[in-house]
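Architecture and fold: a report
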Amino acid sequence: MANVLSSLISAAGALDAFTQALDVTQNNVANAQTPGYAKQTQLLTAMPFDPSNGSTGGVRAAVVVSSRDQYAEQAVRQQNVLLGQAQQNVTSFTSLQSLFDISGNSGIPLALNNLFTSFSAWGQTPTSTDARQNVIDGATDLANAFQQTATGMAQAAQNNSSQIHQTVVQINQLAGQLAGYNSQAMSDATPDAGLDAQINSTLEQLSQYVNFTASQQSDGSVTVLVNGQVPLVIGDKTYALQDQPVTPDPASPNPGAPPTMSIRSSDGTDITSQVTSGQLGALVNLANKVFPQYLGDGNNAGDLNTMAKQFADRVNQLLTQGNISDGPPPVAGVPLFTYDATNATNVAQTLAVDPTVTGDQLAAISTGPPEVSNGVPLALSALADPQSSDDEINGASFTGFYGNMAATIGSDLNDANDSLQVQQSALAQAQNLRQQVSGVSLDEEAAVLLQFQQAYEANSKLITILDQLSEDTINMLIVTS
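Predicted, not measured: the structure shown is a model, and the values here were computed from it. (Residues numbered from 1 in each chain as written. Predicted model: local features only at pLDDT ≥ 70, side-chain atom pairs only at ≥ 80, totals over all residues. Heavy atoms only, no water.)

Section: the overall build of the chain
- Scanning the chain from N- to C-terminus turns up 11 helices and 14 strands.
- A buried classification covers 42% of the 481 residues belonging to the chain.
- Of the contacts formed within the chain by residues at least 6 apart in sequence, a portion of 68% connects residues at least 24 apart. (Helix = DSSP H or I, 4+ residues; strand = E, 2+ residues; numbered from the N terminus. Buried < 20%, exposed > 50% of the residue type's maximum accessible area, 1.4 Å probe, protein only. Contact = heavy atoms within 4.5 Å.)

Observations concerning the side chain of threonine 223
- Along the polypeptide, threonine 223 turns up in strand β6 (residues 222-226).
- We classify threonine 223 as buried; its relative accessible area is 13%.
- Within the structure, threonine 223 has its side chain in polar contact with the side chain of glutamine 217 (distance 3.3 Å). (Polar contact = N/O pair within 3.5 Å; in protein donor to acceptor, adjacent residues only side chain to side chain.)

A word on helix α3 (residues 107-124)
- In this model α3 runs 27 Å from its N-terminal to its C-terminal C-alpha over 18 residues, within 8% of the 26 Å that 1.5 Å per residue would give.
- For α3, the full list of buried residues reads Ile108, Pro109, Ala111, Leu112, Leu115, Phe116, Ser118, Phe119, Trp122 and Gly123.
- Buried positions along α3 lie against α4 (129-187), α7 (303-321), β13 (337-338), α9 (375-381) and α10 (398-438). (Expected span 1.5 Å × (residues − 1).)

Considerations on the pattern of salt bridges
- With the rule as written, the count across this model stands at seven salt bridges.
- Two residues, aspartate 196 and arginine 68, come together in a salt bridge whose shortest N-O distance is 2.7 Å. Here aspartate 196 is found in helix α5 (residues 193-207), whereas its partner arginine 68 is found in the loop between β4 (59-66) and α2 (70-97), with 128 residues between them in sequence.
- You can call aspartate 196 buried: its relative accessible area is 18%.
- Residue aspartate 313 is joined to lysine 309 by a salt bridge in which the shortest nitrogen-to-oxygen separation is 2.8 Å. Of this pair, aspartate 313 and lysine 309 both sit in helix α7, four residues apart, which is roughly one turn of that helix.
- In this structure, a network of salt bridges that share partners links the residues Arg68, Glu73, Asp196, Glu204 and Arg434. (Salt bridge = Lys/Arg side-chain N within 4 Å of Asp/Glu carboxyl O.)

Focus: unusual backbone geometry
- The linkage connecting glycine 368 with the following residue, proline 369, adopts the cis geometry, with an omega of 5°.
- Here proline 369 shows up in the loop between β14 (352-353) and α9.
- For the bond running from proline 369 to proline 370, omega is -5°, close enough to zero to count as cis.
- Position of proline 370 among the secondary structure elements: in the loop between β14 and α9.
- If you check the backbone angles, asparagine 227 has positive phi at about 55° while not being a glycine.

Side note on the nonpolar core
- Formed by 55 residues in total, the largest nonpolar core has its most connected members in Met307, Phe311, Leu336 and Phe337.
- Contributions of two or more residues to this core are made by α2, α3, α4, α6 (278-295), α7, α8 (347-350), α9 and α10.
- Among the elements that make up this core, the one with the highest residue count is α4 (12 residues).
- Apart from residues no more than four positions distant in its own chain, leucine 336 is found in contact with Val135, Ile136, Ala139, Asn316, Leu319, Ala352, Val353, Asp354, Val357 and Leu362.
- Counting 31 residues, the second largest nonpolar core, distinct from the first, contains Ile164, Leu178, Leu203 and Tyr209. (Core = buried A, V, L, I, M, F, W, Y, C linked by side-chain atoms within 4.5 Å.)

Side note on a nonpolar patch on the surface
- On the surface, a nonpolar cluster with roughly 220 Å² of combined accessible area is contributed by Leu43, Val63 and Val65.
- Among the structural elements, leucine 43 can be located in strand β1 (residues 40-46).
- Under the relative-accessibility criterion, leucine 43 is labelled partly exposed at 37%. (Patch = residues over 30% accessible without salt bridge, like charges linked within 9 Å, V, L, I, M, F, W, Y side chains within 5 Å. Areas by Shrake-Rupley, 256 points an atom, 1.4 Å probe, with all protein chains shown as cover.)

Considerations on the packing of aromatic side chains
- This structure, assessed with the given rule, holds five aromatic pairs.
- A ring pair is formed by phenylalanine 311 and phenylalanine 337, whose centres lie 6.2 Å apart and whose planes are at 65°; its orientation type is edge-to-face. Here phenylalanine 337 lies in strand β13 and phenylalanine 311 lies in helix α7, a separation of 26 residues in the sequence.
- For phenylalanine 337, a relative accessible area of 5% gives the class buried.
- Aromatic rings pair up to connect Phe116, Phe311, Phe337 and Phe398 into one cluster. (Phe/Tyr/Trp six-rings, centres within 6.5 Å; stacked < 30°, edge-to-face > 60°.)

Comments concerning the packing of α3 against α10
- Between α3 and α10, the shortest axis-to-axis distance is 11 Å and the interhelical angle comes to 175°. Judged by the inter-axis angle, α3 sits roughly antiparallel to α10. Note on element contacts: α10 touches α3 through Phe398, Thr399 and Tyr402, opposite Ile108, Pro109, Leu112 and Phe116.
- A class-by-class count of the residues in the contact of α3 with α10 yields six nonpolar, one polar and no charged. (Axes fitted to C-alpha atoms, helices over the stretch in contact; angles between N-to-C directions. Parallel < 35°, antiparallel > 145°, perpendicular 65-115°, else oblique. Nonpolar A, V, L, I, M, F, W, Y, C, P; charged D, E, K, R; others polar.)

A short note on the environment of leucine 383
- Within the secondary structure, leucine 383 sits in the loop between α9 and α10.
- Considered as a pair, leucine 383 and phenylalanine 119 are 264 residues apart in the sequence and their alpha carbons are 9.6 Å apart.
- When near neighbours in sequence (up to four residues on either side) are disregarded, leucine 383 contacts Phe116, Phe311, Arg314, Val315, Asp391 and Phe398.

A closer look at the environment of proline 386
- Among the secondary structure elements, proline 386 is positioned in the loop between α9 and α10.
- Linking proline 386 and alanine 396, residues 10 residues apart in sequence, is a C-alpha distance of 8.6 Å.
- With near-sequence residues (within four places) excluded, proline 386 lies in contact with Asp391, Glu392 and Ser397.

A closer look at the sheet that holds strand β5 (residues 212-216)
- Ordered in space as β5-β6-β7-β8, the four strands form an open sheet in which the pairing is antiparallel. Sheet topology places β5 and β8 (237-238) at the edges, where each strand pairs with a single neighbour.
- Bridge analysis of β6 against strand β7 (residues 230-234) gives three bridges, and the strand direction is antiparallel. By the bridge assignment, leucine 225 is partnered in β7 with proline 231.
- Sheet strands touched by α4: β6, β7 and β8. Its angle to β7, the strand with the most contacts, is close to 45°. (Pairing = 2+ DSSP bridges.)

Structural data, given as structure tokens:
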């Protein structure tokens, strides 16, 4: 009788173990599409079998093991942070490229070509009132084109700064969520697969914004460090990032230049150099390197301002060196362009034609010797194909210098598109590898489910038989007595 009861107890324990295994399998199936979820496996432990000592064997449920692989998770996050950087670069450089038309059909190239054409036409008829007015109109169009391009760039820079702030806010919000999950994990007595899924899903979301390392702690929490050094989440505490504009030093050559951007840790330390990738890294690079290249900073005027200033100065120089008439006395020419001379980074946005200048004030006569009646228009026309370094910027014509600016934006956009394609493929590969390691396969779970269902049914039959044996034994004892 004792052996029967022991076998019954052993079978009941096995039944409980199979039930737990079935619950884990059903949970896997239910969460197969849950972001961040990793397949769970119920381990079973064989009980000792020694009838002489009353050990009847069987199985018991052991621990539930997660299939999550931290190396696979890290690989996905590494590719995701690079993808976030590439996506942001594509978006930003696409917007900037629209400001730099190199087809000659709009913007600065069109206005510059039209002005060169008007210079040439004026040279053929230097005393023509219409020709001189066309020069003024062409110069006005060019000044407007510079203003529009510079204003568009400035607006893009301002939008970029706003996006940096929004990205920092998003990063801090995700850090807050992780701290909350950490608090729950630290208070739970046993691992929670659902909580683990939420933590890893949030980490993957965070990885598109900023580069970081994440390490699992023994208490179930995760520690997040920006660039592996700057605390963002430790336990149930967050260390919020801050974005802060950096205005030029008053003693710098261009104290009125647009500000750059810095990222600071929770204690105010400048960590900009450690934000190297992700969406935030791309935005910071734009703010501190790309936009200053065109709009200037505390030490540089910026290519767009440099071109506007040198072109305006050269045209004004040629006009003021010439004469409107021989006199007597000779009447000197007047400058055509004006701009903000107090701020080298504001030239392009303020470039304009002096509204007081009229066509008859444009000097056509070069004083020589020898004196040439259309010498100034001819010299202005030569700016289109310069033969002198005085008519160039850094060894390039004005048209070529503008083309280099536009080409740089185009090259950056091409690089960003290439990187985007590479990172999309690399991320997909990393996700596939992770899926193979820790993802839920419905086919595998169906096989496991069938296996444990059969074991459950067999064990149930064994219990039924043992129950019948127990009842028969009791009845026999009653009859015998």
